[in-house]
Amino acid sequence: MQKTDFSGISVCLFLLFASFASPASSVMLDSLTGKAQVQRAGKGKWFPVKEGTELHNNDIIRTAAHSTAKLKWGNEDHVYLKEQTQLLVNLHENKKPSLISQHITVFYGAAFFIIREVLPALGNKRYDTKVYSPTSVVAIRGTSFCVAADKESGKTALIVINGTVLTRNILRNVSVFVRSGYQTSIAINTDPIKPSPVLKKDIKELKTWVPLAVLTEEMKKQKEKSQRTKAIISGKLEQKTAVVPFANISTYRGSWDIGSLFAQFMASRIDKETPGMKAVVTTLSAENPVEIGMKEKAHYVVTGEITVFDIVQHAKVTPKADDYNEYSDAIIEIRCSLIDVAGEKVKYDNTISVKSRGDNVPHNTWKEIGKLKCDMNDSTFTSSLIGTSIKRAIDQVSGEIARYLRD
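Predicted model only: the values in this text are computed from it and were never measured.

A. Spatial organisation of the packing of helix α3 (residues 258–273) against helix α7 (residues 385–406). Interaxial distance between α3 and α7 falls to 9 Å at its minimum, and their mutual angle equals 45°. Taken together, the axes of α3 and α7 are oblique relative to one another. The hand of the α3/α7 crossing is right-handed. Here α3 contributes Phe262, Phe265, Met266, Arg269, Ile270 and Glu273 to the contact with α7, which in turn contributes Ile390, Ile394, Asp395, Val397, Ser398, Gly399, Ile401, Ala402, Leu405 and Arg406.

B. Seen up close, the side chain of Asn248. Residue position: Asn248 is located in strand β20 (residues 247–248). Judged by its relative accessible area of 19%, Asn248 falls in the buried class. A polar atom in the side chain of Asn248 sits 2.6 Å from the side chain of Ser250. Within the local environment of Asn248, its side chain forms a polar contact with the backbone oxygen of Tyr252, the two atoms lying 3.2 Å apart.

C. Quick peek at α3. With 16 residues, α3 ought to run about 22 Å at 1.5 Å a step, and its terminal C-alpha atoms sit 22 Å apart, in line with that. Among the residues making up α3, those that are buried are Ile258, Gly259, Leu261, Phe262, Ala263, Phe265, Met266, Ala267, Ile270 and Glu273.

D. Structural detail: helix α4 (residues 289–296). When you tally the buried positions in α4, you get six out of eight residues, the bulk of the element. Along α4, the residues that are buried comprise Pro289, Val290, Glu291, Ile292, Gly293 and Glu296. Of the residues trailing α4, Lys297 is marked for its positive phi of about 60°.

E. Representation of the nonpolar core within the structure. One finds Trp256, Phe262, Phe309, Ile386 and Ile390 to be the most contacted residues of the largest nonpolar core, which totals 38 residues. Contacts of Ile386, omitting those with residues within four sequence positions, involve Trp256, Phe309, Asp310, Ile311, Ala330, Ile332, Trp366, Ile369 and Phe381. Counting residues in hydrophobic clusters, the runner-up holds 31 residues, among them Trp73, Phe113, Ile115 and Leu158.

Rules used throughout
Residues numbered from 1 in each chain as written. Predicted model: local features only at pLDDT ≥ 70, side-chain atom pairs only at ≥ 80, totals over all residues. Heavy atoms only, no water. Axes fitted to C-alpha atoms, helices over the stretch in contact; angles between N-to-C directions. Helix = DSSP H or I, 4+ residues; strand = E, 2+ residues; numbered from the N terminus. Parallel < 35°, antiparallel > 145°, perpendicular 65-115°, else oblique. Left-handed = near helix turned anticlockwise from the far one by under 90°. Contact = heavy atoms within 4.5 Å. Buried < 20%, exposed > 50% of the residue type's maximum accessible area, 1.4 Å probe, protein only. Polar contact = N/O pair within 3.5 Å; in protein donor to acceptor, adjacent residues only side chain to side chain. Expected span 1.5 Å × (residues − 1). Core = buried A, V, L, I, M, F, W, Y, C linked by side-chain atoms within 4.5 Å.

Shown next as structure tokens:
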């Protein structure tokens, strides 16, 4: 892998993030050696900061030469900043569902992240953490890793110490899983290069600015996890697709286990549409879908999230107020990914949204539909408003995935 300059002093990128319902909790400057400055959101002036300073949404922090810092979230996630590093903090929270987005953009320099919580999280709150650079976006799966952005080219180096991350070029669609003990790099016009082992010189360089005790602990966890994984994974992959229960991050809190049901429906359709490729629902769990595939000896893994699952009543009045109409919409939005286990790549990743409309009558409300069993073999359910939307969503996603599996 080409050597990446970990120091740099020019801003390479400006990112506009989608707005959420309200700002989430702040990030605290937990420790500082040397000097650092902060630029508050929307302000052009920089001012010096000290330990205990809070950073809020859209604040930017930068470390001076011969200076290091540590930022800390309320959920114990934290990041170490090397000298001459500048990054942007984005923090938002959706109340329904309770989704906290904590995004960091490394404009230049280097940052070492330790992220504990991933989607779906324990308890009532879920965390969506991503790290951006001038050339890449890194999706977190519970891990520790370093992101370093070159000052001139924006080229990004990614080193994973513990866990797994999913990274891609910010302008392209090819994503690659990078496991613990491996590294990759992403230039502006190229996909991530094939991950290669982390070298001793890379670890030695990290030790110059990340506390030794922190690195030692993360490497110890990685070694223990690797030993457990090796004890489980063995044998060749079969012509099989393992479907993981979908994460329900929608506002739906009814009696149906829609995450498991969507996985069952998806596996059934994929099984029918791809002769020679068996599809099964797995009960295994892991931070890395590739590990699930290896444990199941499956060539592919399907994962997904249900982001919207609802029935909404509407009332419409014409501009002249001469007509009034009430109707109901059953809305479903799901994101689905297909992972090639052998290649450790994401072959398909898409979000689809479907809407079925009906009259605003009792049998088109949650009160009545919720009494039914969520069964795609039951014509009473499939003809219901929500059943129609589920069928359309499954048809569309499974059809697109099947095309990839047949190629």
